[in-house]
Structures are given as C-alpha cells and as structure tokens.
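# Close look at the chain arrangement
What follows is each chain in one-letter form.
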Amino acid sequence: MLIEEMQKEDTIVYKAQQEDEGIDLKGFLRKRLGVSSRLLSKLKRDKSIFINNSFAKYHQILMEGDLISLIMQEDANDFQAQDLPFDTVYEDVDIIIVDKEAGMVTHPTRGHPVGTVANAAQHYLMKSGKRCRIRFVNRLDMDTSGLLIIAKNPYAHHSLSMQMQKNKVKKRYLAFVEGIVQQECGTINAPIYRPTGDSIKRTVNKKGRESLSEFRVLERYGQATLIEVELLTGRTHQIRVHMEHIGHPLIGDPLYGNPSDLLGRQALHANYLSLYQPRYGKALEISIGLPRDLVELAKSLKL
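Residues numbered from 1 in each chain as written. Predicted model: local features only at pLDDT ≥ 70, side-chain atom pairs only at ≥ 80, totals over all residues. Heavy atoms only, no water.

Below, the discussion takes up the overall build of the protein. Within the protein one finds six helices and 16 strands. Principal-axis analysis of the C-alpha atoms places the extent of the protein at approximately 70 × 40 × 35 Å. Per-residue burial for the protein yields a buried fraction of 48% across its 303 residues. Across the protein, every contact between residues at least 6 apart in sequence was considered, and the portion connecting residues at least 24 apart equals 65%. Carbon and sulfur atoms form 47% of the exposed surface of the protein, whose accessible area is close to 15,500 Å². Both charge centroids of the protein, one from 42 positive and one from 37 negative side chains, sit 6 Å from each other. (Helix = DSSP H or I, 4+ residues; strand = E, 2+ residues; numbered from the N terminus. Buried < 20%, exposed > 50% of the residue type's maximum accessible area, 1.4 Å probe, protein only. Contact = heavy atoms within 4.5 Å. Areas by Shrake-Rupley, 256 points an atom, 1.4 Å probe, with all protein chains shown as cover. Lys, Arg positive; Asp, Glu negative; His and termini not counted. Charge placed at Lys NZ, Arg CZ, Asp CG, Glu CD.)

Take a look at the structure:
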C-alpha cells in the first residue's frame, strides 16, 4: 500500500501488506512495483533503498507492516533554463503533460540547442523548486502541436515506456488533409522505411517496420477533410507518411505534401492521450482542443 502523504517526485514509500510477507525485497520491487533492472542497480549502488528507515539489501525478507522507501535522487539536466511557453495540462508526482506549441523542438539538438520544450521544462521545474531529471516519454515533430509527456523520475519513465511497448498508451491526433477522404473510417497498414541513415524523409516500403494507423472522418470541406487518427505503432512521421501514401497529404506539409497559403506548418495536432498513472495505476484520459492556427484554418476551409 502506497503511503499517500509520503510520496514525492524522487521518493516512493510503500507499506508491506499481508500478501507481501515472505517475499525478498528484490522480488517485491520487480514484481509488485515493476522497478526496472537499471533502477534496481542504481538504488543498490547509491544505497538508496530502506526498510523501516534502515538501509536494506535485496535478499532481505519482508514482513507485513514494513515501510519500504525508494529514494531516486539524481542530478538535474544541464539544459539551459528559458522562460518559454510551457502550457501544463496535467501534473502529478510522476509526470507532467504539456500542450506543446507548433514550432518548438522537443529536445535540444545540434541545430536547435535552445528554445526547446526541454529548456522550458527546466525553467518551470527550477521555478517550482523541483530537482527532477527531464525524460520525454513521447516526441512530437517540431511543427506538430499537442500533448507531450514528461516523466519526473526513472520509475515513471520505465513504467510508461513499458505501457507504450504493450500498447496501453493511446495517442490520437487531429489532422487536416488535402482532398476529400471518401471512407468514413479505415486502417492504414503500410511499413515505414528510412532509405538512408541521414534521410529525414520516410517512405512506405516493404523493407520497413510494421506501421498501423486508424482514422475516421470528422468533417469534410470543399477541398479538404478533418480526420482523427489513432496510432497503433509509433514510427517517425507515421501520420504524415501514411496520409501521403493514401493520396491525402497533410495541409501545409512541405516534406510529404505541399506548402499552404493558409498555414505555415503541417496541420497536425496531438489532441488525446490515455495511460495509466505509473505509481497508482489510475487510468488517465487527457484531451485538448485545437490551437488557434488550426481553428483559423478550419474557418478558412469552410468559406
């Protein structure tokens, strides 16, 4: 049983129950709490795991009522803190979910060392007095807006990564595409391939990795369609590649379609997430509306 009032971003406190009695500490941590091997090694190396406030070894047998504490202290990232847009949609002891603006890179790169979501997150955490290491659970292209998950500790990051591997995290997007999509709904099953190691653009090719997207039409305009897409796999540029493949590239996508006079980026917005809270197992559903530029695009398409 988790002790609610003792939970922190870097600390998990659990009170052993009757069913935990007789289990060795390592087995308990792996099977009951789902702690990764990597974190187990770090906790052991740092001597950061305790039973009843005393340092514990992994072979120690648990008794009902034992108080098990995991201290996941670690150095913060060295990202430059910048006061940039950081729209927090949801936050708890383990995760932050933000609504990323279009035009922001998620993580610093050689071409974008600053001005990223990571720089904004560093500023936000420092201002809040929290020393969390920033770990992104999902990524969004620079010109895609919407929901982005940040894990505050290695336990949460591992838990959510496992959820994603087991398809327990649902991700839906809103996309404005060129032309009229005739089907009301459908599944695109087309493997995505990276032609060369330095290629930005992906293609549909039988040599690629299995890629599945489900879509349904929300609204049709004169020369365009608004669709909702759910990703069943998570390949780079998946929606952009798949929609080009079926003849309906995203509006404003210069890489897979055509630039648009109506919009300066691809018309793609990550609007929905469902997942399980890492520590408590509670089901979470987060949804957001369209950003201003896509609201204006919709108005223009109706004219």
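Additional details are given in the paragraphs that follow.
Inspection of the entire model under this criterion finds three aromatic pairs. Ring geometry for Phe-86 against Tyr-124: centres 5.0 Å apart, planes inclined by 40 degrees, an arrangement best described as tilted. Of the two residues, Phe-86 is situated in the loop between β4 (67-71) and β5 (87-91) and Tyr-124 in helix α3 (residues 117-128); the sequence distance between them amounts to 38 residues. Looking at Lys-47, its charged tip hangs above the ring of Phe-55, at a distance of 5.8 Å from the centre. Above the face of the Tyr-272 ring, Arg-172 is positioned so that its terminal group lies 4.2 Å from the ring centre. (Phe/Tyr/Trp six-rings, centres within 6.5 Å; stacked < 30°, edge-to-face > 60°. Lys NZ or Arg CZ within 6 Å of the ring centre and 35° of its normal.)

Let's shift gears to the sheet that holds strand β3 (residues 54-55). One open sheet accounts for four strands, arranged β1-β4-β2-β3; its pairing is antiparallel. In the strand order of this sheet, the two ends are held by β1 (11-15) and β3, each with one partner. Sheet topology note: the β1/β4 ladder contains five bridges and is antiparallel. Bridged to Lys-15 within β4 is Leu-67. (Pairing = 2+ DSSP bridges.)

Let us look at helix α6 (residues 292-302). Along α6, the residues classified as buried are Leu-294, Leu-297, Ala-298 and Leu-301. Buried residues of α6 fall within an arc of 100 degrees about the axis and therefore sit on the same side. On its buried side, α6 packs onto β9 (170-178), β14 (224-231) and β15 (268-276). (Arc of directions from axis to C-beta.)

Across all of its chains, the model carries 17 salt bridges by this definition. The partner of Lys-170 in a salt bridge is Glu-230, with the nearest N and O atoms 3.6 Å apart. Of this pair, Lys-170 sits in strand β9 while Glu-230 sits in strand β14; the two residues are 60 residues apart in sequence, bridging distant segments of the chain. Of the residues examined, Glu-230 reaches a relative accessible area of 13% and is grouped as buried. (Salt bridge = Lys/Arg side-chain N within 4 Å of Asp/Glu carboxyl O.)

For Lys-47, which is not glycine, the phi torsion reads 50 degrees and is therefore positive. Checked against the element boundaries, Lys-47 lands in the loop between α2 (37-46) and β2 (49-51). We classify Lys-47 as exposed; its relative accessible area is 53%.

All right, on to the environment of Gln-223 then. In this fold, Gln-223 is placed in the loop between β13 (212-220) and β14. As for Gln-223 and Gly-129, which are separated by 94 residues in sequence, their C-alpha atoms are 50 Å apart. Excluding anything up to four places from it in sequence, Gln-223 contacts Glu-178, Gly-179 and Ile-180.

Now for the nonpolar core. One finds Phe-86, Ile-227 and Ile-239 to be the most contacted residues of the largest nonpolar core, which totals 32 residues. Here the element with the most residues in this core is α3; it accounts for five residues. Not counting the four nearest positions on each side in its chain, Ile-239 is found in contact with Tyr-173, Val-229, Leu-231, Leu-250 and Leu-268. Ranked by size, the runner-up nonpolar core spans 21 residues in total, among them Leu-25, Phe-28, Ile-49 and Met-72. (Core = buried A, V, L, I, M, F, W, Y, C linked by side-chain atoms within 4.5 Å.)

Among the secondary structure elements, Glu-9 is positioned in the segment before β1. Here Lys-152 takes part through its side chain, which lies 3.2 Å from a polar atom of the side chain of Glu-9. Setting aside chain neighbours within four positions, we find Glu-9 in contact with Met-72, Val-93, Lys-130, Cys-132, Lys-152, Asn-153 and Arg-279. (Polar contact = N/O pair within 3.5 Å; in protein donor to acceptor, adjacent residues only side chain to side chain.)

Here we take up the environment of Leu-232. Tracing the sequence through the fold places Leu-232 in the loop between β14 and α5 (238-245). According to the relative accessible area criterion, Leu-232 is partly exposed, its value standing at 28%. As a C-alpha pair, Leu-232 and Pro-154 span 78 residues in sequence and 25 Å in three-dimensional space. Ignoring anything within four residues of it in the chain, the contact list for Leu-232 reads Asn-167, Leu-212, Glu-214 and Gln-238.

Right, let's get into the environment of His-242. With respect to the helices and strands, His-242 occurs in helix α5. Each C-alpha atom of the pair His-242 and Lys-44 lies 45 Å from the other, and the pair is 198 residues apart in sequence. Apart from the residues lying within four places of it in its own chain, the contact partners of His-242 are Ile-188, Ala-190, Ile-192, Ser-211, Leu-212 and Ser-213.

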